[in-house]
Amino acid sequence: MAGQEQQQPQSRETEAEVDVPEAPPAAPEAQASEATQGVDDLLDEIDGVLESNAEEFVRAFVQKGGQ
Amino acid sequence: MRVMGSETEYGIHAPSAPGANATMMSARIIQAYATVTRQRAAGGAETRWDYTDEEPLHDARGWTVDRAAADPSQLTDQPPVLDAEAVALAYGRQELELDGADESGSLLMNMVLGNGARLYVDHAHPEYSSPEVTNPRDAVAWDAAGDVVALATVRKVAADTSLPAINLYKNNTDNKSVSYGSHENYLMPRSVPFGDIIRGLTPFFVSRQVICGAGRVGIGQDSSTPGYQISQRADFFEAEVGLETTIRRPIINTRDEPHATADKYRRLHVIIGDANLSQSSNYLKFGTTAMVLSLIEAGQAPKIEVHEPVQALQTVSHDTTLTATVRLLDGRRVTALDLQWMYYEAAAKLAQETGVADSVSGDGHTHDVLSRWESTLTTLGSDVGAAASSVEWVAKKSILEGYRNRDGLDWDDARLGLVDLQWSDIRPEKGLYYRLLTNNRMLRVVDDADITRAVTEPPSDTRAYFRGRCVSRFGRDVVGASWDSVIFDVPGLGKLQRVPTREPLRGTRALTGALFDRHQEAGPFLAELLGQNPPPAKA
């Protein structure tokens, strides 16, 4: 059920996100485990939409309490 | 199947203005939607909330908390007030006297929407409370409609480049020890003893996260222990039963605020769920919980009790292999999946007896819930990763594991924290859930067209129909509304007309659709509704 057939890589219709984080290209030794099969090709697309400067972005996300 | 509804508090963040006042940013969000709907519906589709019937301090166990003893955050029956200083901090001084204010000069903090929902500022978050629906499929549609509403507000805010853009996240924690809620509401007969509800629901709530948890990077309220867990909310629960929703959060919440005829109904207020983007997880959350309530009402809930349920809740959440066991009071040790199977078996048996799951004469929903519930449990029991398209925490984990494998990241790496956060960004181009959806990796339960319709149209089979149509059709003359009332101020009438809607299954299209068809003006509509005129002959 997990790995649907792969679509052609989605074009990046995203708003201009100038500096893509410096993710190294897929490491050859990284073995896709069962759980991640078919996911790796999606990661390139996600790289393109992730906010730059992960550490600062995550640190700045501070919420006030809610219910 | 059962009257139900959802509440979503969105995480709110302005990346270019960290530290901006969250209440004010939330007010900007509400204001933005008022502007959007004003553009869409002539006469304005926004209406103030009527606080008359809010009773947040009534406890289902039979008492009322003294106002002075309550935590200030529990006083949800008072409209929030913003002072000039807070306005200035969020808007800038020059904004004080204009746009953000309505004609009476105060900021709009509360709206009733044409789809029957409520959109408002809850503490420091914008909250969308869905209209009342009668089945889990509609619950998913009108909950997802809230995400579309949220998206519209974010776009509107972003279009004003003179103020910081605001992001909204459909998640439940900032991973720095703060949590905010996603609640469910279910209508039940008042005759069911609350003790039965507590006993029947607790083992179910300890375990249901395996099918509807949204997944979270980090263990502990402040995420100080690296790792991944099933639930966004589990680590924030500290009590088994209680009235509070913001402190000492209980597995079973006792707020007794029926928003309906109080001697007939209770509204069970469920605070333990995660906000779901996955339609399948959301559907299962509402569908299975509704079925378990039927079990409790029929006296057929599994006779089991979990030892130390708060601890068990966290044990389950922290084990993504689904092999951890919790102890029952009878001495057995069972997994969360075992618990879910016990509830499934009991629910399937009851459905068989009552005929609600029959493909012809059934209610049209129970059969589908049972079948999806069974297949999800079966998949999780044989290969957890194979449930990625239907179970939210598994889907999120597949992306996180992808990064860990590709880039060798540890669980405390900031990029994994970012993936967790950005999973729930409600903008389709940024939200990682939506990237998976677009790539056909997430199961859909409702069509996009159904969600789009649910943004503007109310459900047809509850009182939300009456509320929503009144707001859309007579917005100019509706001065207030709540779950159980609509208040009209019709020119020439001289006084306000409050139409009570205390029966959740009245005010439906079947009962009031023709009345709306007959009247374009509020005056004659009200006159016929209140029996002051004979209905006109022509349709």
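Residues numbered from 1 in each chain as written. Chains lettered and ligands numbered in written order. Predicted model: local features only at pLDDT ≥ 70, side-chain atom pairs only at ≥ 80, totals over all residues. Heavy atoms only, no water.

Notes on the overall build of chain A
From N to C terminus, chain A includes two helices and zero strands. Counting only residues that meet the buried cut, chain A has 31% of its 67 residues in that class. Counting only carbon and sulfur atoms, one obtains 49% of the accessible surface of chain A, whose full area is about 4,300 Å². (Helix = DSSP H or I, 4+ residues; strand = E, 2+ residues; numbered from the N terminus. Buried < 20%, exposed > 50% of the residue type's maximum accessible area, 1.4 Å probe, protein only. Areas by Shrake-Rupley, 256 points an atom, 1.4 Å probe, with all protein chains shown as cover.)

Some words on the pairing of strand E18 (residues 485-488) of chain B
Residue and element names in this part refer to chain B. Taking every second residue as pointing to the same face, both faces of E18 are buried, with Ser485 and Ile487 on one and Val486 and Phe488 on the other. Pairing between strand E17 (residues 478-482) and E18: four bridges, direction antiparallel. The partner of Val478 across the bridge, within E18, is Phe488. Counted along the chain from E17 to the antiparallel partner E18, the turn is two residues long. Judged from the four bridges that link them, E18 and strand E19 (residues 497-500) form a sheet pairing that is antiparallel. Along E19, the bridge assignment pairs Val486 with Val499. (Pairing = 2+ DSSP bridges.)

A short note on the layout of surface pockets
Counted as a void, the second largest pocket has a volume near 460 Å³. Of all the secondary structure elements, the ones that give two or more residues to the lining of the second largest pocket are helix H2 (54-60) of chain A together with strand E10 (216-219), strand E11 (225-229) and helix H11 (414-423) of chain B. Looking at the lining of the second largest pocket residue by residue, the class counts come to seven nonpolar, 10 polar and nine charged. (1 Å grid on protein atoms, 1.4 Å probe; cavity = no way out; pocket = protein on both sides within 12 Å on 5 of 7 lines; lining within 4 Å. Points joined across faces, edges and corners; volume = space filled by probe spheres on them. Nonpolar A, V, L, I, M, F, W, Y, C, P; charged D, E, K, R; others polar.)

Section: the nonpolar core
Core analysis: the largest hydrophobic core is formed by 139 residues, its most contacted members being Leu201, Trp373, Leu380 and Ile399 of chain B. The element that contributes the greatest number of residues to this core is helix H3 (residues 136-159) of chain B, accounting for 11 residues. Once you skip the residues sitting within four places of it in the chain, Ile399 of chain B turns out to touch Val39, Leu42, Leu43 and Ile46 of chain A together with Val419, Trp423 and Leu436 of chain B. Judged by nonpolar contacts, the second largest core, of 20 residues, contains Phe466, Cys470, Trp483 and Val499 of chain B. (Core = buried A, V, L, I, M, F, W, Y, C linked by side-chain atoms within 4.5 Å. Contact = heavy atoms within 4.5 Å.)

Brief notes about empty space enclosed by the protein
All names here are of chain B. Applying the stated criterion across every chain, the model contains six cavities of 30 Å³ or more. In this structure, the largest cavity spans a volume of roughly 80 Å³. Along its surface, the largest cavity is lined by Phe205, Arg208, Gln209, Cys212, Gly213, Ser231, Ile272, Gly273, Asp274 and Leu313. Its residues assigned to classes, the lining of the largest cavity comprises four nonpolar, four polar and two charged.

Structural notes on the sheet that holds strand E5 (residues 110-112) of chain B
All names here are of chain B. Strand order in this open sheet of six strands is E5-E6-E7-E1-E9-E14, and the pairing throughout is antiparallel. Each edge of the open sheet is held by one strand with a lone partner, namely E5 and strand E14 (265-270). With direction set aside, neighbouring strand axes in the sheet form an average angle of 20 degrees. Strand direction decides the pairing type here: strand E6 (residues 118-122) and strand E7 (residues 125-129), joined by five bridges, are antiparallel. Among the inter-strand pairings, Tyr120 is bridged to a residue of E7, identified as Glu127. (Axes fitted to C-alpha atoms, helices over the stretch in contact; angles between N-to-C directions.)

Description of the sheet that holds E17 of chain B
All names here are of chain B. Read from one edge to the other, the open sheet built from three strands follows the order E17-E18-E19, with strand pairing classed as antiparallel. If you trace the sheet from one side to the other, it starts and ends with E17 and E19, each paired once. The average undirected angle you get between the axes of adjacent strands in this sheet is 15 degrees. Packing of helix H14 (residues 464-474) onto the sheet brings it into contact with E17, E18 and E19, and relative to E18 it is tilted by some 20 degrees.

Quick word on the confidence of the model for chain B
When pLDDT drops low, the exact placement of atoms in the prediction is not to be read closely. All names here are of chain B. Predicted confidence across chain B gives a mean pLDDT of 90, with 88% of residues reaching 70 or more. Contacts of residues 41-45 to residues separated by more than four positions or lying in other chains number 10 contacts, the stretch itself having pLDDT below 50. Within the model, pLDDT remains below 50 along residues 87-105, and this stretch shows 26 contacts once partners closer than five positions in the same chain are excluded. Taken together, the chains of this predicted complex give a pTM of 0.87 and an interface ipTM of 0.87. (pLDDT = per-residue confidence, 0-100.)

Observations concerning the packing of helix H1 (residues 40-49) of chain A against helix H10 (residues 392-407) of chain B
Viewed as axis vectors pointing N to C, H1 of chain A and H10 of chain B meet at an angle of 95 degrees, and their least axial separation amounts to 10 Å. Of the possible angle classes, the one that applies to H1 of chain A and H10 of chain B is roughly perpendicular. The residues of H10 of chain B that touch H1 of chain A, namely those facing Asp40, Leu42, Leu43, Asp44, Ile46 and Asp47 of chain A, are Ile399, Gly402, Tyr403 and Arg406 of chain B. (Parallel < 35°, antiparallel > 145°, perpendicular 65-115°, else oblique.)

As for the pattern of salt bridges
With the rule as written, the count across this model stands at 36 salt bridges over all chains. Of the charged contacts in the structure, one is a salt bridge between Arg467 of chain B and Glu132 of chain B, with a shortest N-O distance of 2.7 Å. Of the two residues, Arg467 of chain B is situated in helix H14 and Glu132 of chain B in the loop between E7 and H3; the sequence distance between them amounts to 335 residues. Across the pair Lys349 of chain B and Glu353 of chain B runs a salt bridge, and its minimum N-O distance is 3.1 Å. Taken together, the positions of Lys349 of chain B and Glu353 of chain B, both in helix H8 (residues 336-354) and four residues apart, correspond to about one turn of that helix. By relative accessible area, Glu353 of chain B is classed as partly exposed at 48%. One salt-bridge network, in which partners are shared between bridges, spans Asp44 and Asp47 of chain A together with Arg406, Asp407 and Arg415 of chain B. (Salt bridge = Lys/Arg side-chain N within 4 Å of Asp/Glu carboxyl O.)

Notes on unusual backbone geometry
Residue and element names in this part refer to chain B. Positive phi, normally seen in glycine, also occurs at Asn175, with a value near 65 degrees. If you trace the backbone, Asn175 turns up in the loop between strand E8 (167-169) and strand E9 (182-189). Judged by its relative accessible area of 19%, Asn175 falls in the buried class. In this structure, Glu308 takes a positive phi of about 45 degrees despite not being glycine. Residue position: Glu308 is located in the loop between helix H6 (279-297) and helix H7 (309-317).

Section: the interface of chain A and chain B
Chain A puts 45 residues into the contact, and the matching count from chain B is 58 residues. For the pair chain A and chain B, the two sides together bury roughly 4,500 Å², of which 57% comes from carbon and sulfur. Our enumeration of links across chain A and chain B arrives at seven salt bridges. Residue Asp47 of chain A is joined to Arg406 of chain B by a salt bridge in which the shortest nitrogen-to-oxygen separation is 2.9 Å. Our count for the contact surface shared by chain A and chain B stands at 13 residue pairs in polar contact (both at pLDDT 80 or more). For the side of chain A that touches chain B, the secondary-structure elements that each account for two or more residues are H1 and H2 of chain A. Among the elements that line the side of chain A that touches chain B, the one with the most residues is H1 of chain A, at nine residues. In terms of residue class, the side of chain A that touches chain B is built from 20 nonpolar, 13 polar and 12 charged. (Buried area = accessible area lost by both parts, 1.4 Å probe. Polar contact = N/O pair within 3.5 Å; in protein donor to acceptor, adjacent residues only side chain to side chain.)

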